[in-house]
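Here is what each chain is made of, one letter per residue.
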Amino acid sequence: MIDETVLIPYAVIVLGFVFIPGPATLLTVARATTSGTKVGIATGAGITAGDIVHTVMAVVGISAIMAASATLFSIVKYLGAAYLVFLGIRAILAKASVDPRRGRAPITAPRAFRQAILAEVLNPKTALFFLAFLPQFVVPENGFVVLQLTILGVLFALIGFLSTVVYSIAAGGLGNFLRRNPTVLIWQGKVVGSIYCALGVRLALQER
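Residues numbered from 1 in each chain as written. Predicted model: local features only at pLDDT ≥ 70, side-chain atom pairs only at ≥ 80, totals over all residues. Heavy atoms only, no water.

> How should the environment of Gly 200 be read in this particular structure?
In this fold, Gly 200 is placed in helix 9 (residues 182-205). Sequence-wise, Gly 200 and Leu 79 are 121 residues apart; in three dimensions their C-alpha atoms are separated by 9.5 Å. Contacts of Gly 200, omitting those with residues within four sequence positions, involve Ala 81, Leu 84 and Val 85. (Helix = DSSP H or I, 4+ residues; strand = E, 2+ residues; numbered from the N terminus. Contact = heavy atoms within 4.5 Å.)

Encoded structure:
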């Protein structure tokens, strides 16, 4: 098992990682601002589920295969980029569906959850990050290396979820205020879509 001398420094380092704004934060904030806190948290939960998938991939060796294969890395990268751009274009072209009198969200929480899972799983940079980062905190002498990797990965995902909840609450409150403005209702889809497209292009241009 993992002892406290490893677990506590690991948790502190991960806290620093997850609270620095990155792609996951941008996706969460975009959803929370335009669709409410609940949808933002659902997006964060989807990202968390995707990170747990990456943990499993690192444990069973799939991430190592991806790291060794430039072709496989590129396939996953471009699939992920295409998916993000697809979501972005669809959001840009969609008509505003929020009724300010009834406060209906333009996307449901379950749908946001599913989209976030797929977007996170199709990010090969996350897979390589888990592959490189988690083993640094494994102590072979403590035994059960697979269990140690699993605990570290799940802990990373849970701390990451905590950060997305914090950002969702803050962005959701701001979004409730902004959505009272008809102009915001018209442009919110275009803003979210632009963020998704930008993240997709960013992913497509990344190297291993």
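Having seen the model, we can carry on.
> It is not clear to me how the packing of aromatic side chains should be interpreted in this structure. Could you clarify?
What characterises a pair of aromatic rings is the spacing of the ring centres plus the angle enclosed by the ring planes. Summed over the entire model, instances satisfying the criterion amount to 11 aromatic pairs. Ring plane angle 70° and centroid distance 4.9 Å describe the contact between Tyr 10 and Phe 137, whose orientation is recorded as edge-to-face. Linking Tyr 10 in helix 1 (residues 4-18) with Phe 137 in the loop between helix 7 (124-133) and helix 8 (145-178), this pair joins segments that are 127 residues apart in sequence. Neither Tyr 10 nor Phe 137 differs from the other in exposure class; each is buried. With a centroid separation of 5.5 Å and an interplanar angle of 85°, the aromatic rings of Phe 17 and Phe 129 are classed as edge-to-face. Placement of the pair is Phe 17 in helix 1 and Phe 129 in helix 7, with a sequence separation of 112 residues. By relative accessible area, Phe 17 is classed as partly exposed at 39%. Phe 129 sits in the partly exposed class, given a relative accessible area of 28%. In textbook terms, an aromatic cluster arises when at least three aromatic residues are bridged by ring pairs, as seen for Tyr 10, Phe 17, Phe 129, Phe 130, Phe 133, Phe 137 and Phe 156. (Phe/Tyr/Trp six-rings, centres within 6.5 Å; stacked < 30°, edge-to-face > 60°. Buried < 20%, exposed > 50% of the residue type's maximum accessible area, 1.4 Å probe, protein only.)

> Where do I start with the nonpolar core in this structure?
Most often, soluble globular proteins keep nonpolar side chains buried together rather than apart. Formed by 15 residues in total, the largest nonpolar core has its most connected members in Tyr 10, Val 14, Phe 133, Leu 134, Phe 137, Leu 152 and Phe 156. For this core, the secondary structure elements donating two or more residues are helix 1, helix 7 and helix 8. Excluding residues that lie within four positions of it along the chain, Phe 133 makes contacts with Tyr 10, Ile 13, Val 14, Phe 17 and Phe 156. In terms of nonpolar packing, the next biggest core, distinct from the first, is built from 12 residues, Leu 27, Leu 84, Leu 199 and Leu 203 among them. (Core = buried A, V, L, I, M, F, W, Y, C linked by side-chain atoms within 4.5 Å.)

> It is not clear to me how a nonpolar patch on the surface should be interpreted in this structure. Could you clarify?
A cluster of nonpolar residues, Ile 52, Val 56, Val 60 and Ile 62, forms a patch on the protein surface that exposes about 320 Å² of accessible area. Broken down by element, the nonpolar patch gets its largest block of residues, 3 residues, from helix 3 (residues 37-60). Among the secondary structure elements, Ile 52 is positioned in helix 3. (Patch = residues over 30% accessible without salt bridge, like charges linked within 9 Å, V, L, I, M, F, W, Y side chains within 5 Å. Areas by Shrake-Rupley, 256 points an atom, 1.4 Å probe, with all protein chains shown as cover. Salt bridge = Lys/Arg side-chain N within 4 Å of Asp/Glu carboxyl O.)

> Explain helix 6 (residues 109-121) here, please?
Helical periodicity: at 3.6 residues per turn, an α-helix aligns residues three or four positions apart in one direction. Taking 1.5 Å per residue as the helical rise, helix 6 with its 13 residues ought to reach 18 Å, and the 18 Å between its terminal C-alpha atoms agrees with that figure. Taken as a whole, helix 6 has its buried residues at Ala 109, Ala 112, Gln 115, Ala 116, Ala 119 and Glu 120. Buried residues in helix 6, looked at end-on, bunch into an arc of 125°, giving them a common side. The inward-facing, buried residues of helix 6 contact helix 2 (23-35), helix 3, helix 5 (70-93) and helix 7. (Expected span 1.5 Å × (residues − 1). Arc of directions from axis to C-beta.)

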